[in-house]
Each structure stands twice: as structure tokens, then as C-alpha cells.
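Observations on the three-dimensional arrangement
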Amino acid sequence: MSMLDAAKQWARKIKRDVVALWIAARDPRVPWYAKAAAGAVAAYALSPVDLIPDFIPIIGYLDDLLIVPVGIMLAVKLVPADLMREFREDAMRREKPVSKAGLAFMIALWALAALGLTWLFWPKPA
């Protein structure tokens, strides 16, 4: 198998696991701490807005290459293995959802950062 084929297979597994985690976050059989981790990772990964925009050279892709896969690995370890197998099988039959909660969270985070920077650098009266 070539390196390109291995990278494509890895990307497909990542996409499948994100959808599986999205399913896990909604399943009552999953412990609350695993639901929280799965929900956070899935919301971020499925959000159309990134924490670090991709147009920023090098670090723009850092979240896609490091943060998301590490978050997925952590969340997958928290979900019971038998349930994760079931969710992965279900994920292969589903369309990739879009996280409106993730979008709202990222917009709120960027708005708070903008407000914080404005407050920090706004000229103070003497």
C-alpha cells in the first residue's frame, strides 16, 4: 500500500469516527464523561468554522492534523469498546452531519476573543 493510500484510509477512519462519536454523544448507554468528550470532539470536527482558520499558513492546518485526531483518540478510548464498534458500523451507513452547536460555539469563541482584544487594546482614559 502506498503512502497516499494509507493517508486516504486514515482520513476515512477519522471521518467515520467523528460521526460515530456524534452518535455516541446522543446514546444513553454511554457514560456522561465519554458523552461530554465525544460531543465536544464531534461538535468541533463537524463545525464548518475552525478554531484556527485554514488560511493562516502552517498553524491553520494544525487543528486538522493534530488537535482533531488526538481528541478523537481520547474520546474513542472513553466510549466502551463494544458500543464504539456499534457506533462505527452505524456511522458507515449515515451521512456526515453538520454541527450547528459547534458552529455557534466557534462563533461565540471568536466573538469573545475579539471583545477581549478590543478591551485590552482600547485606549484607557488618563
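As the structure is a computational prediction, the values presented were derived from the model and not from experiment. (Residues numbered from 1 in each chain as written. Predicted model: local features only at pLDDT ≥ 70, side-chain atom pairs only at ≥ 80, totals over all residues. Heavy atoms only, no water.)

Let's shift gears to a nonpolar patch on the surface. On the surface, Ile58, Ile59, Tyr61, Leu62, Leu65, Leu66 and Ile67 cluster together into a nonpolar patch covering about 710 Å² of accessible area. With respect to the secondary-structure elements, Leu66 resides in helix 3 (residues 62-78). Leu66 sits in the partly exposed class, given a relative accessible area of 47%. (Patch = residues over 30% accessible without salt bridge, like charges linked within 9 Å, V, L, I, M, F, W, Y side chains within 5 Å. Areas by Shrake-Rupley, 256 points an atom, 1.4 Å probe, with all protein chains shown as cover. Salt bridge = Lys/Arg side-chain N within 4 Å of Asp/Glu carboxyl O. Helix = DSSP H or I, 4+ residues; strand = E, 2+ residues; numbered from the N terminus. Buried < 20%, exposed > 50% of the residue type's maximum accessible area, 1.4 Å probe, protein only.)

A separate point is the environment of Leu112. The residue Leu112 is located in helix 5 (residues 100-121) in this model. The exposure class of Leu112 is exposed, given its relative accessible area of 60%. Considered as a pair, Leu112 and Leu4 are 108 residues apart in the sequence and their alpha carbons are 40 Å apart.

Turning our eyes to something else, we now look at the UniProt feature "transmembrane region" (unreviewed entry) in the protein chain. Mapped onto this numbering, the UniProt entry annotates "transmembrane region" (unreviewed entry) at residues 58-80 and 101-122. Secondary structure within residues 101-122 divides into 95% helix and 0% strand; the distance between the first and last C-alpha atoms comes to 31 Å. (UniProt positions renumbered as here; feature names shortened; annotations may be inferred.)

Further remarks concern a positive patch on the surface. Judged by side-chain charge, Lys8, Arg12, Lys15 and Lys96 come together as a positively charged surface patch. Assignment of secondary structure puts Lys15 in helix 1 (residues 3-24). According to the relative accessible area criterion, Lys15 is exposed, its value standing at 56%. (Lys, Arg positive; Asp, Glu negative; His and termini not counted. Charge placed at Lys NZ, Arg CZ, Asp CG, Glu CD.)

Turning our attention to the nonpolar core. The biggest cluster of nonpolar side chains holds 26 residues, and the ones touching the most others in it are Leu21, Ala24, Val30, Ile72, Val79, Met84 and Phe87. If you list the elements that add at least two residues to this core, you get helix 1, helix 2 (32-46), helix 3 and helix 4 (81-93). (Core = buried A, V, L, I, M, F, W, Y, C linked by side-chain atoms within 4.5 Å.)

The next point concerns the side chain of Asp17. With respect to the secondary-structure elements, Asp17 resides in helix 1. Taking relative accessible area as the criterion, Asp17 reaches 9% and is therefore assigned buried. Looking at Asp17, its side chain comes within polar contact range of the side chain of Arg16, at 3.1 Å. With residues near it in sequence (within four places) discarded, Asp17 still touches Ile72, Val76, Met84 and Arg88. (Polar contact = N/O pair within 3.5 Å; in protein donor to acceptor, adjacent residues only side chain to side chain. Contact = heavy atoms within 4.5 Å.)

With that settled, the discussion passes to the environment of Asp17. On a C-alpha basis, the gap between Asp17 and Leu109 in space is 25 Å, while along the polypeptide they are 92 residues apart. Separated by 2.7 Å, the side chains of Asp17 and Arg88 make a polar contact.

Another point: the confidence of the model for the protein chain. The predicted structure's coordinates, where accompanied by low pLDDT, should not be read in detail. Across the protein chain, pLDDT averages 84, with 98% of residues at or above 70. Ranking the elements of the protein chain by mean pLDDT puts helix 5 last with 83 and helix 4 first with 91. (pLDDT = per-residue confidence, 0-100.)

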